[in-house]
Amino acid sequence: MADFEPKIIAFCCNYCAYAAGDLAGSMRISYPTNVRIIRLPCSGRAEIQEVLDALYNGADGVLVIGCEEGDCHFIEGNFKAKRRMERARTLLEEAKMNPDRLEFHYNSAAHGPQLAALFEEFTGKIRELGPNTSSAPKEKAHAREASQ
Amino acid sequence: MVVGAGIGGMQASIDLANSGFKVYLVERDTAIGGRMAQLDKTFPTNDCSMCIISPKLIEVGKHPNIEILTNTELLGVEGDPGNFEALVKMHPRFVDLDKCTGCGECAKVCPVEVPNEYNMGIDGTRAIRKRYPQAIPAGYAIEKKGTSPCRDACPSHVRAQGYVALIAEGRFDEALKVIRKDLPFPAVCGRVCPHPCETACNRGDIDSPVAIQQLKRFVTDHEMKAGKAALPEVAADSGKKVAIIGGGPSGLSAAWFLRLKGHKAVVYESSSKAGGMLRYGIPDYRLPQDVLDKEIQTFTDLGVEINCNSKVGTDIQVDQLKKDFDAIYVACGAQKDRALNVEGQDAEGVFSGIKFLWEISEGRKQNIGEKVAVIGGGNTAIDAVRTAVREGAKEVTLIYRRTVNEMPADEMEIHDAEAEGVKYVFLAAPTKVLVEDGKVKGLEVIKMELGEADKSGRRRPVPIEGSEYTIELDSVIAAIGQVSDASFLDGTVLAPIVKRGWIECDSLSCETSIDGVFAGGDAFKPGIAIEAIAQGKETAVSIDRYLNGLDIKEGREWNPHLAPKPKTALVKKAERLKVPELDVSERIKNYQEVALEITAEQAIAEAKRCLNCGTCSECELCAEVCQANAIDYSMVEVDRQLEVGSVILAPGFDQFEAEELGEYGYGRWDNVVTSLDFERMLSATGPTKGHMLRPSDSKEPKKIGWIQCIGSRDKRKDRNYCSAVCCMFATKEAVIATDHAGGEIETTIFMMDLRATGKGFDEYCNRAKDKYGVRYVRSMISRVDQLPENKDVEVAYVNEEGKLISESFDMLVLSTGLKPAKSVAELSKRVGIELDSFGFAKTDPFRPMATSRPGVFVCGVLQGPKDIPETVAQASGAAAFATESIASARGTKISTPDITEERDISEEDMRIGVWVCNCGINIGSVVNVPEVAEYASDKANVVHSEGVLFACSQDNQDLMKKTIKEKGINRMVVASCTPRTHEPLFQDTLQDCGINKYLFSMANIREHCSWVHQQEPEKATEKAKFMVDMAIRNSRELQALHTAPQSLVHSAMVLGGGLAGMTAALQLANQGFTTCIVEKTEHLGGNLRKLRATHDGRDLRAYLKELIEKVEAHDKIDILCSTKLLKTDGFLGNFESTLEQTNGIKKRIKIEHGVTIVATGAKETTPTTFCYGESDDIVTQLTLDGIIADDETRIVTAKEVVMIQCVGSRNEERPYCSKVCCSQALKNALAIKELNPDTNVTILYRDMRSYGMKESLYEKARSMGVMFMRYDLDNLPQVEVGEEGVIVKHDLPRLGTVKIKTDLLALAAAIETNENQDISEILKIPKTNDGFFLEVHTKLGPVDFATDGVYMCGLAHGPKPVEETISQAAAAAARALTVLAQDMLMVGGQVSVVDTDKCAACLCCVRACPYNVPIISEEEGAAYINPAECRGCGVCASECPAKAIQLQHFTNNQIGSMLDILREEA
């Protein structure tokens, strides 16, 4: 398991988490390459279905990161996201998947180092958990498209 | 024009630009953001300051109608309102912002470390820097104070500060590289140069100059030990040849610099070895031959051809050289000694200095005997005496006609020679050599005295008649000067350049009278080695220009802007490097080098003594690493004339210098810091990366104290005003510190009064106390000491019980007060505005942003100390004031970009173009860009993929456009840096090609990849491929989106006809927009009808009368009294309201309006305590105000007046502060005292909140004898109404019970909001727990709501005094103007859309939307989201259970397609 490189998707809001990622870059704070960021206008745009899809498609871990309490550019999108991700974790549990593969965090735009630390820590946790074996078989890949 | 780009200046600029005006935003710093960018968190919400300010930074940065002028100062403003001419000086940034990518490679190589002002000097930054990581403009800037004196003094202008700085960092090889830019003889000059640089060094003013020369030698020693020299790069062969006559320092130097330019340089040297006077004139103990040999080897290694034993005129013919070469440099030196010109000078035993040294260096022993005299005072004379000692002479004397003070020789050497036994005879000159048998036997000398100064400035020696005496000698060495011998040119084509043996040439360009022939060095004018070298360097420039047909003379004068002397007061003395030397007894026996090597540690320590006078050291390393060629040293100051209609000054504040109050130990005790220092320590981008570490030992503090009012409320320092923000600032810091420490911390705030007057502030302080355990101690600090054992800080103070207490803290924070920025004194003169005695701008309470000069306005701390929300409100208000008189110019100066007509691509095949940026080396050095580009080219639909050096550069933009057009590309992917700053740029590129800008997708492979994965290039490349793949997948799903113009109603509705409503309405009407005031009572005026005067005595009744007259007379204002709002429909720009008027017969009125301003006010409550209502002598403060105005007798006859503060405020029922009562009480107390000084006035208060300039009222009241007694909630005053009247009793901790029979008791009744539930529901605007309306953002949106187009001001927002209400009303007007000023509103784009077929009208979106946008349309039976109102957050889309809502540009298809990559990869 030592050479297991987890695939991690981080849904980041544009105003804080994504900006903190930029700041971590400006400050040259390194973190594992495993984390791949998808930018959203607000963490409130993070959908349960998409988060589950990420895991279903083969991500080993998913992060949803929004602004700190009170900092949300859209007033309360971050709280909505948090509640939704709590629900998503319950769904994972119900599906007998480890809910720890999904985490929600607040991270301010000024907290570049903290974001890098979070990426480091989460990658470590997922490495411990090992590969996500519950992802769907390949042939179901286009279920999404078919449904639309 | 807005001056100052802090939060105030930015807000004003945004409001001005959005309401149709062109804005010049002038900022002295290199970036906008001001003080707020330095804050970690803000109160009372604990928002992250950077999070909330950075969208503003970006908005200002990319606004088409805001021109940011950084590094710029305002010099003056001429003219009249509407027609000002402002003169600004734009200081050079030395970085081209159009080219700089903000990569920071430059700062990595910059050797100069200076205190980082952004981090309050706690850590260091570089001379080239960004003010902070998120700065806008995002480019770097060089701080260049000027050329350092060391470089200026050096004839060759060697960048001494630069290489010294590099040595200080242990970067020895780079130091040498910098030296060699101007000096090819570092090892030589490191030993023999008389170092004019050190003479000029500013460090000499403190202790002694930096040992620059020794440092230079050190790096050469270091390189020689390592082996091969690192030589500069030689340009490509030019095919040109230059002959150099003379292999001395000047000739070789010219050869070196010519070679660097790619020319062939051939040196002809008559001696057997090159080096000239360096070899033959300088003894080995100063410059060992092997050192010189190695140095000359570097010339050969560089490709210089040196022909020794080649005497021009003998071995090679001059005329031949002239034919064979493209240019010639004559640097034949001056090796002949000047003759002594006395009787007996030809005797055996008379030597000439240069020849003597030459012979010795060639290894030919000279017969000088035991007693030797050397005549002269220069370096040759010193070399001669010291050589004579080493040659075995027993008695060596140096005879000089002036005194030691005039000796040109190096001072150190004079001492060294003396140590070696040389005797000096000063003020003596030889008159005759005494000769016997043709040999020297002695010398007759005459004594001299110093007369008048001569041309050189030295006093001329004059012989004293008859003072001759003789000295017995074996030999005499004359070292009195050298003469050139250019006789070898006689009869050649070069003969015309020789005059009396000397060469004639231009002293600057070294041109001679013959075309292509240049000359210099000692043959032109004898001097020190570095002068000869400098001339060689200059000649090389001339010859290079000559060979390239350029103007030789242009711009050749060395005329630098010199760095001012650095401030030295705080520099600690440090001893200069002592160079170890060979022991005298040892060195006089041989020619071993006297000065020994120093260690790297010694060199670094010495280099650290440098004061970095110029800040930028001109080392130019940054230009070498900048791949974008953004660094431009040639930038100069530019004066610019700007035509502006109004001026807003927002220069911000400085903090009080805590060191001025020495008793608090700032600067003396390690663990005493200021509040701004501490703020930076808490910040993630601060010097400790957000770890709270105390300075002395980097230990996490467990007990921190704050001392308030440092430099505030302090008469001693002429600062008897309150800084208004510090109480909250300290409380916030204590709260955040507690968070940082995980609660394991004790925090104490020492203060006089807790002044938490703003909205939500008292609640915040209560939380700080109850939840965070912050301890507030009312006390005066008597002493601050440092405990020697652990550097803890000991604070001695007197507590409220009068006991002296001593307590120690790990760390102490001084809450330093605010004062106007340093620049204000000068700025006010330049602009011509008046300041008050503290340096704040003088303004009128009724026009709080207007200065003494019409057309010039202020906002922020310049107007008086204030916090962020008030500054922001004032900034918007100032924008309204500033446009009032120039409203007709609205929309005339703004630019609207040309938009290329868009191509419909819906029928086209998908053709994706991919560009992968190297960003110089920022991405390319980590991520394999060609590999990524190759990878992308294989993806479906990709028709073009390439790697580029700088995707954002102008030339590349042009190439991209060409490719897009040629290849019919209809979707664009760029993998480069962050879309947050660069997406708009590329979108414009695409739009310019006629493609919808939403068909663009970006991968951030710099900030999110190469910069954070520098150690793992392979994995980074894999990740970059993944990211690019995601962007391509995303681009396939993108859809063209369009915004559509929508008309709007250009009028406003103002709810409330009080001060706030009328002010806002008048402002809008004056700017040409129809406004309807809806007032529920019968009259205009509101609370103002009950008020007598402002706190500074201005007549409010008169002002109200005037205001009502203006409003009533204004043709653009409609007034509806006795009217209330029933219903409002519509949205931003298109509201329709239904009103009900009950004036006589009830009627309903419908009005259409584009914006709504809520100014519904508040009211004084009726007290329920302190026996209110039981006696006519118990009144409220507002009633008292009326009594003072209308019933003077009642006041004059009163013996005792008592006031009780906080009646109904700051308690459980109303936890907030009513803000106005303290100053109102003070105002009324003073009025009473003025009417009858014998009336006793007693104020019972909890905290005296005379914030800001109101402190003067408090001070005056105390001086006039008003009594102040404090009370707490658990020790309330008692009021009894009995037969004797009203009695007030109060227990005081130190005095016992006080009992006052009062004639009048005034209760400061709380302010509470007017009934506003209906308005809250109608307009869908939220309220706080206290019932006041809740703004969209406490800090940055003080008058805005989440609902677009609805604004508020005045008491509806919270209690506030008159001047703050006026500011806020103007602010609400300014915000409204940003809407009303537009011809059309653009709607759509990134908004949510509903698929009505899927919608089940379940109301999920209606509940989810933070802005209440979705409604259920009755016709459709489905949700409808108005694109004009939608903000594009996507919350509704994520909540919709039927997936009926898509957020355009962030659709499920897009995200899903990106996630598919996971599956395909697996």
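Rules behind the numbers
- Residues numbered from 1 in each chain as written.
- Chains lettered and ligands numbered in written order.
- Predicted model: local features only at pLDDT ≥ 70, side-chain atom pairs only at ≥ 80, totals over all residues.
- Heavy atoms only, no water.
- Phe/Tyr/Trp six-rings, centres within 6.5 Å; stacked < 30°, edge-to-face > 60°.
- Helix = DSSP H or I, 4+ residues; strand = E, 2+ residues; numbered from the N terminus.
- Buried < 20%, exposed > 50% of the residue type's maximum accessible area, 1.4 Å probe, protein only.
- Lys NZ or Arg CZ within 6 Å of the ring centre and 35° of its normal.
- Pairing = 2+ DSSP bridges.
- Axes fitted to C-alpha atoms, helices over the stretch in contact; angles between N-to-C directions.
- Contact = heavy atoms within 4.5 Å.
- Salt bridge = Lys/Arg side-chain N within 4 Å of Asp/Glu carboxyl O.

(A) Here's a closer look at the packing of aromatic side chains. Inspection of every chain in the model, using the stated rule, returns 27 aromatic pairs over all chains. Considering the side-chain rings of Y1216 of chain B and F1332 of chain B, the 5.3 Å spacing of their centres and the 85° angle between planes classify their relative orientation as edge-to-face. Of this pair, Y1216 of chain B sits in the loop between β57 (1200-1207) and α35 (1221-1235) while F1332 of chain B sits in the loop between α37 (1317-1323) and β65 (1350-1352); the two residues are 116 residues apart in sequence, bridging distant segments of the chain. Here Y1216 of chain B and F1332 of chain B have matching classes, each one buried. Through a chain of ring-to-ring contacts, three or more aromatic side chains come together here, namely F79, F104 and Y106 of chain A. Stacked on the ring of Y285 of chain B, the Lys or Arg R390 of chain B has its end atom at 3.8 Å from the ring centre. R1262 of chain B extends its terminal NZ or CZ atom over the ring of Y1258 of chain B, reaching a point 4.3 Å from the ring centre.

(B) Just the environment of K499 of chain B, in detail. Looking at the element boundaries, K499 of chain B is found in strand β27 (residues 498-499). As a C-alpha pair, K499 of chain B and N1004 of chain B span 505 residues in sequence and 70 Å in three-dimensional space.

(C) Fine view of the sheet that holds strand β29 (residues 517-519) of chain B. Residue and element names in this part refer to chain B. Read across the sheet, five strands follow the order β14-β13-β12-β15-β29 without closing on themselves; strand pairing throughout is parallel. With one partner strand each, in any of the chains shown, β14 (305-307) and β29 form the two edges of the open sheet. Across the sheet, the axes of successive neighbouring strands diverge by a mean angle of 20°, strand direction being ignored. Inspection of the sheet shows strand β13 (residues 264-268) paired to β14 by three bridges, in the parallel sense. Bridge assignment links V267 to a residue of β14, and that residue is I306. Running at roughly 165° to strand β15 (residues 327-330), helix α17 (residues 529-547) makes contact with β12 (241-245), β15 and β29 of the sheet.

(D) View of the pattern of salt bridges. Counted under the stated rule, the structure contains 128 salt bridges over all chains. Where E1439 of chain B meets R84 of chain A, a salt bridge forms, and the shortest distance between an N and an O atom there is 2.6 Å. Here E1439 of chain B is found in helix α40 (residues 1435-1439), whereas its partner R84 of chain A is found in helix α3 (residues 77-94) on a different chain. With a relative accessible area of 27%, E1439 of chain B lands in the partly exposed category. With a relative accessible area of 6%, R84 of chain A lands in the buried category. D1247 of chain B is paired through a salt bridge with R1210 of chain B; the nearest N and O atoms lie 2.9 Å apart. In this pair, D1247 of chain B is assigned in the loop between β58 (1240-1245) and α36 (1255-1263) and R1210 of chain B in the loop between β57 and α35, connecting sequence segments 37 residues apart. What makes D1247 of chain B buried here is its relative accessible area of 3%. The class for R1210 of chain B is buried, based on a relative accessible area of 10%. Each of R286, D383, R386, R390, E413, D416, E420, E581 and R587 of chain B takes part in salt bridges that share partners, so that together they form one network.

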